[in-house]
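# Breakdown of the fold
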Amino acid sequence: MTHTQKRIIINNVIMTLSTLSAVIGMAFLFWILGVLVINGIDALNWNIFSQVGAPPGYEESGLKHALIGQLYIVGVATFAGVPLGIMAGTYLSEYGQKSKLAEIIRDISDIMMSAPSIVIGAFVYAIVVMPMGHFSAWAGSIALSIIMLPIILRTTDDMLQLVPSTLREAAFALGAPKYKVIIQVVYRGAKVGILTGVLLGVARVAGETAPLLFTSFNDNFLNTNMNEPMASLTVTMFNYATSPYEDWQKLGWAAAFILSMFILGLNIIARVFLMKKRIK
Amino acid sequence: MATIIDIQQEKALQVKNFEFTYAGADAPSIKKLDMPIAKNAITALIGPSGCGKTTLLRSFNRIHDLYPGNKYEGEILFNERNILTSKEDLISLRIKIGMIFQKPTAFPMSIYDNVAYGMRLQGIKNKTELNDRVEKALKDAAIWKEVKDRLKHDANGLSGGQQQRLCIARAIAVEPEVLLFDEPTSALDPISTAGIEELVVELKERVSIIIVTHNMQQAARVSDYTGFMYLGELIELGRTEEMFVTPREKLTEEYITGKFG
């Protein structure tokens, strides 16, 4: 065998192996999606959106309570986490820059990002649920916004730093005060990136179960009082899917399907934004 | 010792015993520099990379202040006042001393909004006044014809040369007294470069201009005075036509004849 032949064989082997690995990875993704779609669509019906939870065996049982609860909990978390994250990211990129404090915050935020979400749930349990004496949707939102914070903070920081410093200098050189430079020029230059970060942050927390288990807990009925325990898609899904009743398990599949589609949608939108930005 | 010719005409800026030290640096990047800048004339700053010409230019509008820890010493007199004091109002200083950068810095907004940006900062809201001044600035920057039908379009859709002229329009729209050009054509093609140079020469009727350039032909073509800097010092300042023909300092001669740099 000549040297060249040997090289071609090794090349083909490596290419086959790496292609195979990629296909296996993708296969799991499509397997999950396939099972979800088959079982989810089968379980979907109008009742899911119009009816609240009911004991097993009841025909008229749905997820309305969990869908609305999910919107409330994630909505409030977004409302708190996004401005906080964007402002903190603005501090890091525009004010703290390379200072010690800013670097420490960056490190802590990176650590927070990889913190197990159940730990954050336990933390909120200790500082919110225990003093209040009962579970509440507020506690759930707080836990989610804490999880969301480092994601939005870091993307904002990164995206703002991508704005060329000459653009800032040019605005300063026209006599602009710092806050106007940030709001009118830097934010504008980074808005697509920041929006992407926000979408990814929301998508990340929307799928969280662990931190909600012992903060917002659950409720089988429709509740819009943030002071009370509230149903969420994830916890409801967990309860229904682990129950022995077939109709509840079906509802669990429906919840899983709706949640996945929502998160998939957010991710796709974020990616489309990023692609558009790159083309520009 | 530096050779500095006596500038007979009025001065726009006067640098006196100026030193500049970057944050964290042990030695100053500019050492004991004296330099008069003539009014309504073009002064070119030339010299090898790292000689401090851009550092000096960026001191005139104190853009160095954006980064903490940079230190000025000595004086830069502008309208008889030292602008290096800590109580200097940097916002009004930068309105009077504008700057054009190496790479075009069009803001991510429409062409119109770009030019109106500086005026809006000053609180001008009147639509007719804004329209008039935007048009005038764009005409003065010789770009009106190309953009008049797409004023509401994104400024980043313009070519590099057009963007640079847009930046000049934006800078002159606030009617500064001095304009600082930091290698304004180094990112442009020869045709755009010629256009910018022509524009710079026209602008000196109204503003005093300081231009940093790596391109000695450019300095020779556009400027009235040329300052040659080396290792943080001003080696020679003279009338451009004299300096390029009969430099008085040996270092200047070696640099402009390409012996180093």
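Not measured: the values here are computed from a predicted model.

## Thoughts on the overall build of chain B
A tally of regular secondary structure across chain B gives 10 helices and 11 strands. Along the three orthogonal principal directions, the C-alpha set of chain B runs to about 55 × 40 × 35 Å. Here chain B holds 261 residues, and 47% of them are scored as buried. Put simply, of all contacts in chain B between residues at least 6 apart along the chain, 71% involve residues at least 24 apart.

## Digging into the overall build of chain A
The secondary structure content of chain A amounts to 11 helices and 0 strands. Starting at the N terminus and walking to the C terminus, you meet the elements of chain A as α-α-α-α-α-α-α-α-α-α-α. Overall, the C-alpha framework of chain A stretches about 70 × 70 × 35 Å when taken along its three principal axes.

## Some remarks on the sheet that holds strand β9 (residues 208-212) of chain B
All names here are of chain B. Strand order in the open sheet made by the 7 strands is β1-β11-β10-β4-β9-β8-β7, with mixed pairing throughout. The sheet is open, and its two borders are formed by β1 (3-4) and β7 (97-100), each paired with just one other strand. Along the sheet, helix α7 (residues 190-203) contacts β4 (42-46), β8 (178-182) and β9; its crossing angle with β9, the most-contacted strand, is approximately 150°.

## Observations regarding the domain arrangement of chain A
All names here are of chain A. Examined at the domain level, chain A breaks down into domain 1 (3-43) and domain 2 (49-279). In this structure, domain 1 and domain 2 have C-alpha centres spaced 32 Å apart. Opposite the 6 residues of domain 1 that make contact, domain 2 presents 7 residues. Along the lines of polarity and charge, the residues of the side of domain 1 that touches domain 2 split into 4 nonpolar, 2 polar and no charged.

## Focus: unusual backbone geometry
All names here are of chain B. Its identity is not glycine, yet N79 carries a phi of approximately 50°, on the positive side. The residue N79 is located in the loop between β5 (71-78) and β6 (81-82) in this model. If you check the backbone angles, E175 has positive phi at about 50° while not being a glycine. Considering the arrangement of structural elements, one finds E175 in the loop between α6 (160-173) and β8. On the basis of neighbour counts, which here come to 15 C-beta atoms within 10 Å, the residue E175 falls in the partly exposed class.

## With respect to the sheet that holds β6 of chain B
Residue and element names in this part refer to chain B. Taken together, 4 strands build an open sheet; the order of strands is β3-β2-β5-β6 and the sheet is antiparallel. Every other strand in the sheet has two partners, leaving β3 (30-38) and β6 as the edge strands with one partner each. Summarising the sheet, strand β2 (residues 11-21) and β5 pair through 7 bridges and their orientation is antiparallel. Each residue of the ladder has a partner; that of E19, found in β5, is E73.

## Some remarks on helix α6 (residues 137-162) of chain A
For α6 of chain A, which comprises 26 residues, the first-to-last C-alpha distance of 37 Å matches the rise-based estimate of 38 Å (1.5 Å per residue) to within 8%. Extensive coverage of α6 of chain A is indicated by the burial of 23 of its 26 residues.

## Points about the environment of A171 of chain A
Residues and elements named next belong to chain A. Tracing the sequence through the fold places A171 in helix α7 (residues 165-173). Its 24 C-beta neighbours within 10 Å are what place A171 among the buried residues. A C-alpha to C-alpha distance of 54 Å links A171 and F221, two positions 50 residues apart in sequence.

## Structural notes on the pairing of strand β11 (residues 233-239) of chain B
All names here are of chain B. Most of β11 is tucked away, with 5 of its 7 residues classed as buried. Sheet topology note: the strand β10 (residues 225-230)/β11 ladder contains 6 bridges and is antiparallel. Looking across to β11, one finds that F228 is bridged to E236. Adjacent in sequence and paired antiparallel, β10 and β11 are bridged by 2 residues, among which L231 carries a positive phi angle near 50°.

## Side note on the interface of chain A and chain B
Listed as interface residues are 15 residues of chain A and, on the opposing side, 20 residues of chain B. Contributing elements (two or more residues each) for the side of chain A that touches chain B: α7 and α8 (178-206) of chain A. Broken down by class, the residue content of the side of chain A that touches chain B amounts to 9 nonpolar, 3 polar and 3 charged.

## Notes on the environment of A142 of chain B
Residue and element names in this part refer to chain B. Note that A142 resides in the loop between α4 (127-140) and α5 (144-147). For A142, a count of 16 C-beta atoms within 10 Å gives the class partly exposed. On a C-alpha basis, the gap between A142 and L130 in space is 18 Å, while along the polypeptide they are 12 residues apart. Look past the residues within four positions of A142 in its chain and what remains in contact with it is R165, G195 and L199.

## Topic: the nonpolar core
A255 of chain A together with A169 of chain B are the most contacted members of the largest nonpolar core, which totals 149 residues. The element best represented in this core is α6 of chain A, accounting for 15 residues. For A255 of chain A, the contacting residues outside a window of four places in its chain are L63, A66, L233, T236, M237 and Y240 of chain A.

## Some points on the packing of helix α3 (residues 64-96) of chain A against α8 of chain A
Residues and elements named next belong to chain A. At a minimum axis distance of 10 Å, the contact between α3 and α8 shows a crossing angle of 135°. Classed by the angle they form, the pair α3 and α8 counts as oblique. At the point where α3 passes α8, the crossing takes the right-handed sense. Here V74, A77, T78, G81, V82, G85, I86, T90 and E94 of α3 lie close against α8, whose contacting residues are I182, V186, I194, V198, G201, V202, V205 and A206. Class assignment of the residues belonging to the contact of α3 with α8 gives a composition of 11 nonpolar, 5 polar and 1 charged.

The rules behind these values
Residues numbered from 1 in each chain as written. Chains lettered and ligands numbered in written order. Predicted model: local features only at pLDDT ≥ 70, side-chain atom pairs only at ≥ 80, totals over all residues. Helix = DSSP H or I, 4+ residues; strand = E, 2+ residues; numbered from the N terminus. Buried ≥ 20, exposed ≤ 12 C-beta atoms within 10 Å, placed from the backbone. Contact = placed C-beta atoms within 7 Å. Pairing = 2+ DSSP bridges. Axes fitted to C-alpha atoms, helices over the stretch in contact; angles between N-to-C directions. Domains from an automatic or database assignment. Nonpolar A, V, L, I, M, F, W, Y, C, P; charged D, E, K, R; others polar. Expected span 1.5 Å × (residues − 1). Core = buried A, V, L, I, M, F, W, Y, C linked by C-beta atoms within 7 Å. Parallel < 35°, antiparallel > 145°, perpendicular 65-115°, else oblique. Left-handed = near helix turned anticlockwise from the far one by under 90°.

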